[in-house]
Amino acid sequence: MTEYNARGWYSPRLQWLFSPKLTVVCLGLLFVLTLFGTLHQVENGLYDAQQVYFNSWFVLLAGFFPFPGTQLVLAVLMVNLAGYMVNLLFSKTFMPGIFLIHAGLLILLLGGAITRYYAEESYVSLWEGEGTSVSASYHDWEIALWSRDGVARDVIATDTQGLQKGDVLNFEPAGIVVTVDAFFPNARAFQAADGSSPFASSMGISSLEPSPVSKDPVENVPGAMLTVSADGEPGQKVALFGEDTAPAIIASGGREWFVTLRHRRTPLPLYISLIDFRKQMHPGT
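What you see is a predicted model, and the numbers here were worked out from it, not measured in a lab. (Residues numbered from 1 in each chain as written. Predicted model: local features only at pLDDT ≥ 70, side-chain atom pairs only at ≥ 80, totals over all residues. Heavy atoms only, no water.)

## Regarding the confidence of the model for the chain
Regions with low pLDDT carry predicted coordinates that are not meant to be interpreted in detail.
Point 1. Summarising the model, the chain shows a mean pLDDT of 86, and 94% of its residues fall at 70 or more.
Point 2. Across the chain, the element-wise mean pLDDT spans from 51 in helix α1 (residues 2–9) up to 92 in strand β3 (residues 122–123). (pLDDT = per-residue confidence, 0-100. Helix = DSSP H or I, 4+ residues; strand = E, 2+ residues; numbered from the N terminus.)

## Comments concerning the nonpolar core
Point 1. The biggest cluster of nonpolar side chains holds 24 residues, and the ones touching the most others in it are I143, F171, I176, L226, V238 and L240.
Point 2. The set of elements that each furnish at least two residues to this core consists of β4 (131–147), β6 (168–171), β7 (176–184), β10 (223–230), β11 (236–241), β12 (248–252) and β13 (255–273).
Point 3. Every residue in contact with L240, bar those within four places of it in the chain, is listed here: I143, L208, P222, G223, A224, L226, A248, V259, T260 and L261.
Point 4. Within the second largest apolar cluster, 16 residues are counted, among which are L30, L77, L81 and A103. (Core = buried A, V, L, I, M, F, W, Y, C linked by side-chain atoms within 4.5 Å. Buried < 20%, exposed > 50% of the residue type's maximum accessible area, 1.4 Å probe, protein only. Contact = heavy atoms within 4.5 Å.)

## Remarks on the pattern of salt bridges
Point 1. In total, this model carries 6 salt bridges according to the counting rule given.
Point 2. Across the salt bridge formed by E142 and R262, the nearest N and O atoms sit 2.8 Å from each other. Of this pair, E142 sits in strand β4 while R262 sits in strand β13; the two residues are 120 residues apart in sequence, bridging distant segments of the chain. Of the two residues, E142 and R262, neither departs from the other in class, the shared state being buried.
Point 3. Residue D181 pairs with K237 through a salt bridge whose shortest N-O separation is 3.3 Å. With D181 in strand β7 and K237 in strand β11, the pair connects residues that are 56 residues apart, well separated along the chain.
Point 4. What makes D181 partly exposed here is its relative accessible area of 25%.
Point 5. The network of salt bridges with shared partners includes D140, D159 and R264. (Salt bridge = Lys/Arg side-chain N within 4 Å of Asp/Glu carboxyl O.)

## Examining the packing of aromatic side chains
For any pair of aromatic rings, the description consists of the separation of the ring centres together with the inter-plane angle of the planes.
Point 1. Summed over all chains, the structure comprises 2 aromatic pairs.
Point 2. Seen in terms of ring centroids, Y123 and Y138 are 5.3 Å apart; in terms of plane orientation they differ by 40°. Their pairing is tilted. Here the residue Y123 occupies a position in strand β3, and Y138 occupies one in strand β4, the gap between them amounting to 15 residues.
Point 3. By relative accessible area, which is 29% here, Y123 ends up partly exposed.
Point 4. By relative accessible area, Y138 is classed as partly exposed at 38%.
Point 5. Summarising the aromatic geometry, the rings of W146 and F258 are spaced 5.9 Å apart at their centres and angled 10° between planes, so their arrangement reads as stacked. (Phe/Tyr/Trp six-rings, centres within 6.5 Å; stacked < 30°, edge-to-face > 60°.)

Here you go:
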């Protein structure tokens, strides 16, 4: 059994998978993908280039030529490196330096794979003296609601992904029901000349219109027209826009409620405070 396994491991086909020749082929494919991805970015933006060329298993070069995507090439390269390291480990002339270099490359590839599938990118924006225990998404949005009661803010939020006209959102345990009258993934907001508005809105929005959705989701600013009701009271019309600087305020059941459309928040396991920030310019550098 041992002899059969050894022969299987050292079979020509399997060893070609672990050979430096395949490493060179993978590096050549990555060069081609990087070239076409960079050219694609010029016309379509960074995000679209990442999705088409670098986050895919297969791609159509120039729109019609089938080609392995970056993820497939990197997956083969990881197998190639792992197998080559096993060969190094059991070779008659073991070279620790070469083994260590390949181990570092394999760790970099594994780290990139973990980041690709499990990481969530977000940011924290603070003024001096401010602090927070949440971070904000770059391109995902949510509708958030909270009341004025108490010092701590107890926020109830729901994701806007896939939100459509006619959807009903129940904000429990606040007892608030929100009906979506319209939702635009990318919108333009307008204000009446006389400042009047049929909506509750911090910006005095009189109407919202859809705008073409950008390929880069960071550039999209959504808008929503909602009917907010609670405790059987008549619904109130609310207009929310992603560039609102303050939440809309509605009154219900003798309480004031704040509702806003904002970048999706993610709770952090810590509290961050910005104590001091200094910007130094160095002329001539």
